[in-house]
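Working through the structure, step by step
For reference, the chains in residue letters:
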Amino acid sequence: MIRLLLAIFLIPAFLSAQKKPLTDNQLLDLVQKQTFRYFWDFGHPVSGLARERSNQAFGYGDETCTTGGTGFGVMAIVVAADRGWISREEGAQRVQKIARFLAKVPVYHGVFPHWLHGSTGQTIPFSRKDDGGDLVETALLFQGLLTARQYFGRNNPTENSLRGLITMMWNEIEWDWYTQGSKNQLYWHWSPNNGWAMNFELRGYNETLITYVLAASSRRYAINPDIYHKCYAKNDHFLNGKEFYGVKLPLGFDYGGPLFFAHYSFMGLDPRGLKDRYADYWEQNVNHTRINYLHCVKNPNGFKGYSAKCWGLTASDNHEGYNAHSPTNDLGVITPTAALSSFPYTPAESMAALRYFYEERGDQLWGEYGFYDAFNDSKNWVAPSYLAIDQGPIVVMIENYRSGLLWNLFMEIPEIQDGLKKLGFESPKIK
């Protein structure tokens, strides 16, 4: 019934847009603002945290909140405050509410779990042995919180309070604990119940680059920078250098893997001119995205609907459950966040996709919080869901394309500047 009412409410607006097409900027405004509502209107009423998803599925419901998705949501709040969709004071108060809640939840050597109960703050296990600290989710959370600390820098009680809370929690994260005392490895998980049983090393190339940047940036518990080179960069799937669809891929899996690799670490980390001994990260992200786009255009598997305006493979819900979609794991599922969060890298191709999703498919794909998570035309299936980790990058990466706001804020952070230098990065943003 709720979805039917939303359809009745939203379709007239869609049809109106059909009669008088929106300009590019108007359409970007609309999509960012509508998607932001996932974090603002649907944020947990007690904690303010981002709920994992909009529908009850896979055995959990509205109380399951996501740590990394909350980091994305905090960045979306910064965008909303800067663009005037909410007042600056409203944005600061919501981030303060989130920070106050997070400051009281159980942590594991300062590291947050993957999921939290939105009312009680208790850890919700992500899997049987993943019931403790999640270093990568914590990095995604603090990419957002540190960006907010940088943005909300005025001398007033609310902004002073939230900066203090964020700095306190940031300084307590024991990144070096997650090395197990090794000079060569950094580990994803630790649990007081299961110890190091998951034994998952952070080896690249993937979405965990931001974890190394933050782990090297800590003023109290920084990792030895050598671990970046001895763990993250030592993997069969790190260096690539081959061409796919005529495009050279410096790093990563053949054909690039799911597109969130080009989004999650780069919500705050500015890839423009960012280089280390391994790659130029602007080239990496642009080429990764182009390979994903060209795969959908060429459509070697013959899936229904794929085209130059209907493209984008990344992790999302699908007709079978959930999967990390990519050119080498292509199930016919298009996920709007893939193309829309790639606006900085492929602006023309992403705008073509945006116009197709909204103007030609809006009656199926457009809802209360923007575009539904995914669709598969070969199966006549559209997701009934939104996911925090897919909605957040749409708001943030479109803003980075339009103004560079989050990139500028994150790269100004003194600790981040120090961490990037320690790891051997070059960037025009490093002073």
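Per chain, the residues get numbers from 1 upward, laid out in the order the sequence is written. With pLDDT at 70 or above as the cut-off, local features in this predicted model cover only qualifying residues; side-chain atom pairs require 80 or more to be listed or tallied, and sums for whole chains, interfaces and linings still use all residues. As a convention, hydrogens and water are excluded, and side-chain values are obtained from all of the structure's heavy atoms.

**Focus: the nonpolar core**
Nonpolar core, defined: a set of buried Ala, Val, Leu, Ile, Met, Phe, Trp, Tyr and Cys residues in which side-chain atoms within 4.5 Å join the residues together. Only protein chains enter the accessibility calculation, which uses a 1.4 Å probe; a residue is then buried when its area is under 20% of its type maximum, exposed when over 50%, and partly exposed in between. In terms of nonpolar packing, the biggest core is built from 103 residues, with Tyr212, Leu214, Leu269 and Tyr281 touching the most fellow members. Helix and strand assignments follow DSSP, with helices taken as H or I runs no shorter than four residues and strands as E runs no shorter than two, numbered in order from the N terminus. It is helix α5 (residues 135-151) that contributes the most residues to this core, 10 residues altogether. A contact between two residues is defined here by any heavy atoms of the two lying within 4.5 Å. Excluding its chain neighbours within four sequence positions, the residues that come into contact with tyrosine 212 are Leu186, Leu202, Ile223, Ile227, Tyr228, Cys231, Tyr232 and Leu423. Counting 33 residues, the second largest nonpolar core, distinct from the first, contains Ile291, Leu365, Trp366 and Ile398.

**Brief notes about the side chain of arginine 94**
Secondary-structure assignment places arginine 94 in helix α4 (residues 88-102). Sequence-distant contacts of arginine 94, defined by excluding residues within four places in its chain, comprise Phe39, Trp40, Gly48 and Ile77.

**Concerning the packing of aromatic side chains**
Centres within 6.5 Å make a pair out of two Phe, Tyr or Trp rings, where for Trp the six-membered ring is used; the pair is then stacked when the planes are under 30 degrees apart, edge-to-face when over 60, and tilted otherwise. Scanning the model with the defined rule gives 46 aromatic pairs in all. Seen in terms of ring centroids, phenylalanine 238 and tyrosine 278 are 5.1 Å apart; in terms of plane orientation they differ by 90°. Their pairing is edge-to-face. Remark: tyrosine 278 occurs in the loop between β7 (247-248) and α9 (281-298) and phenylalanine 238 occurs in the loop between α8 (226-232) and β6 (243-244); sequence separation between them is 40 residues. In this structure tyrosine 278 comes out as buried when scored by relative accessible area, which is 19%. Three or more aromatic residues joined by ring pairs form one cluster here, namely Tyr205, Tyr212, Tyr228, Tyr232, Phe238, Phe266, Tyr278, Tyr281 and Phe425. Over the ring of phenylalanine 42 we find arginine 51; its NZ or CZ atom is 4.6 Å from the centre of that ring. Over the ring of tyrosine 151 we find arginine 88, and its NZ or CZ is 4.9 Å from the ring centre. Throughout this description, the term charge over a ring refers to an Arg CZ or Lys NZ atom that lies within 6 Å of the ring centre and within 35 degrees of the ring normal.

**A word on the packing of α5 against helix α7 (residues 209-217)**
Across the interface, α5 lies against α7 with an axial gap of 9 Å and an inter-helix angle of 70°. Compared by their axis directions, α5 and α7 come out roughly perpendicular. The way α5 lies across α7 gives a crossing that is left-handed. Here Leu135, Val136, Ala139, Leu140, Phe142, Gln143 and Leu146 of α5 lie close against α7, whose contacting residues are Ile210, Thr211 and Leu214. To get an axis, a line is fitted to the C-alpha atoms, and for a helix only the part in contact is used. The angle between two axes follows their N-to-C directions and goes from 0 to 180 degrees. The scheme is simple: roughly parallel for angles under 35 degrees, roughly antiparallel for over 145, roughly perpendicular for 65 to 115, oblique for anything else. Note on convention: near helix rotated counterclockwise from far helix by under a right angle means a left-handed crossing. Clockwise means right-handed.

**A short note on the pairing of strand β8 (residues 315-318)**
By the convention used here, strands pair only if DSSP detects at least 2 bridges between them. Here β8 pairs with strand β9 (residues 321-324) via 4 bridges, running antiparallel. Its bridge partner lying in β9, serine 316 is registered against asparagine 323. Between β8 and β9, which pair antiparallel in sequence order, lie 2 residues.

**Focus on the environment of methionine 351**
Inspection of the secondary structure puts methionine 351 in helix α11 (residues 347-360). On the basis of relative accessibility, which here comes to 11%, the residue methionine 351 falls in the buried class. Through-space distance from the C-alpha of methionine 351 to that of leucine 340 is 7.8 Å; in sequence the pair is 11 residues apart. In this structure methionine 351 touches Asp24, Leu28 and Phe343, once residues within four positions along its chain are discounted.

**Side note on the environment of isoleucine 291**
Along the chain, the position of isoleucine 291 falls in helix α9. Separated by 154 residues in sequence, isoleucine 291 and glutamate 137 have C-alpha atoms that sit 27 Å apart. Apart from the residues within four sequence positions on either side, isoleucine 291 is in contact with Phe244, Tyr245, Val247, Leu249 and Tyr255.

**Thoughts on unusual backbone geometry**
That bond from glycine 204 to tyrosine 205 is cis: its omega, 5°, falls within 30 degrees of zero. Position of tyrosine 205 relative to the elements: it lies in the loop between β5 (189-190) and α7. Phi at histidine 109 takes a positive value of approximately 55°, unusual for a residue other than glycine. Among the structural elements, histidine 109 can be located in the loop between α4 and β2 (115-117). Residue histidine 109 is classed as partly exposed on the basis of its relative accessible area of 25%.

**Quick word on the sheet that holds strand β3 (residues 123-124)**
Across the sheet, 3 strands lie side by side as β1-β2-β3; this open sheet has antiparallel pairing. This sheet does not close on itself; its edge strands, each paired only once, are β1 (64-66) and β3. Note that β2 and β3 share 2 bridges and pair antiparallel. Looking at β3, one finds that tryptophan 115 is bridged to isoleucine 124.

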